[in-house]
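Here is how the chains run, residue by residue.
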Amino acid sequence: MKKIVVIIMFFAALAAVKPTATNLRGQIVQNVNGHYQPAANVRVDLVTWNGAAWTSYSYALTGADGFYYFSNFPPGMRFLLLVSGHYFPKAPQTINAEPPGTYQDLPVISL
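Fair warning: this is a prediction, and the values are worked out from it, not measured in the lab. (Residues numbered from 1 in each chain as written. Predicted model: local features only at pLDDT ≥ 70, side-chain atom pairs only at ≥ 80, totals over all residues. Heavy atoms only, no water.)

Peer 1: Looking at this structure, I do not really get the overall build of the protein. What am I missing?
Peer 2: Counting its secondary structure elements, the protein contains 1 helix and 9 strands. Each helix and strand of the protein, placed in order from N terminus to C terminus, yields the pattern α-β-β-β-β-β-β-β-β-β. Looking at the protein as shown, the accessible area adds up to about 7,300 Å², and 60% of this sits on carbon and sulfur atoms. (Helix = DSSP H or I, 4+ residues; strand = E, 2+ residues; numbered from the N terminus. Areas by Shrake-Rupley, 256 points an atom, 1.4 Å probe, with all protein chains shown as cover.)

And the structure:
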């Protein structure tokens with residue numbers, strides 16, 4: 001009986017943990033002679049919907065591996081990415097509620 005109570009308490013505690021922030025990551029690649037390679041030092045702007053308008057919220061630069069990262073965004077926030085004058089993806093996305101310490105992976109962007 002004691003084991004059952006402990007198990008129930010454990011799962012209740014897990015269910016009560018709600019992420020308060022989500023991390024985003026993605027990669028940018030470029031076509032070089034028919035081969036896709038990571039695009040380094042590319043600016044990626046995170047544009048969010050504040051309920052009335054789209055506003056630039058933050059930006060990141062890609063590393064040598066083409067990856068960019070954004071940290072600590074509230075789940076439910078609507079966003080687009082602005083890269084080299086183009087919006088990605090074509091339709092606004094919503095930040096998911098992810099477990100702490102994990103990332104919401106975004107689709108690869110090809111320049």
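Having seen it, we continue.
Peer 1: Just checking my understanding: could you explain the sheet that holds strand 3 (residues 43-49) for this structure?
Peer 2: Pairing between sheet strands relies on hydrogen bonds along the backbone, with the strands arranged either parallel or antiparallel. Pairing within the open sheet is antiparallel, and its 4 strands lie in the order 4-3-6-7. Each edge of the open sheet is held by one strand with a lone partner, namely strand 4 (54-61) and strand 7 (86-94). With strand direction ignored, the average angle separating the axes of adjacent strands in the sheet is 25 degrees. Pairing of strand 6 (residues 78-83) with strand 7 involves 5 bridges; the strand directions are antiparallel. The residue bridging Val-83 from the neighbouring strand is His-86, located in strand 7. (Pairing = 2+ DSSP bridges. Axes fitted to C-alpha atoms, helices over the stretch in contact; angles between N-to-C directions.)

Peer 1: I'm lost on the environment of Gln-93 in this one. Help?
Peer 2: Mapped onto the elements of the fold, Gln-93 is located in strand 7. Judged by its relative accessible area of 33%, Gln-93 falls in the partly exposed class. Distance in space between the C-alpha atoms of Gln-93 and Leu-81 is 9.4 Å, their sequence separation being 12 residues. Once residues lying within four places of it in the same chain are set aside, the contact partners of Gln-93 are Met-77, Arg-78 and Phe-79. (Buried < 20%, exposed > 50% of the residue type's maximum accessible area, 1.4 Å probe, protein only. Contact = heavy atoms within 4.5 Å.)

Limitation: the analysis is restricted to geometry and does not speak to function.
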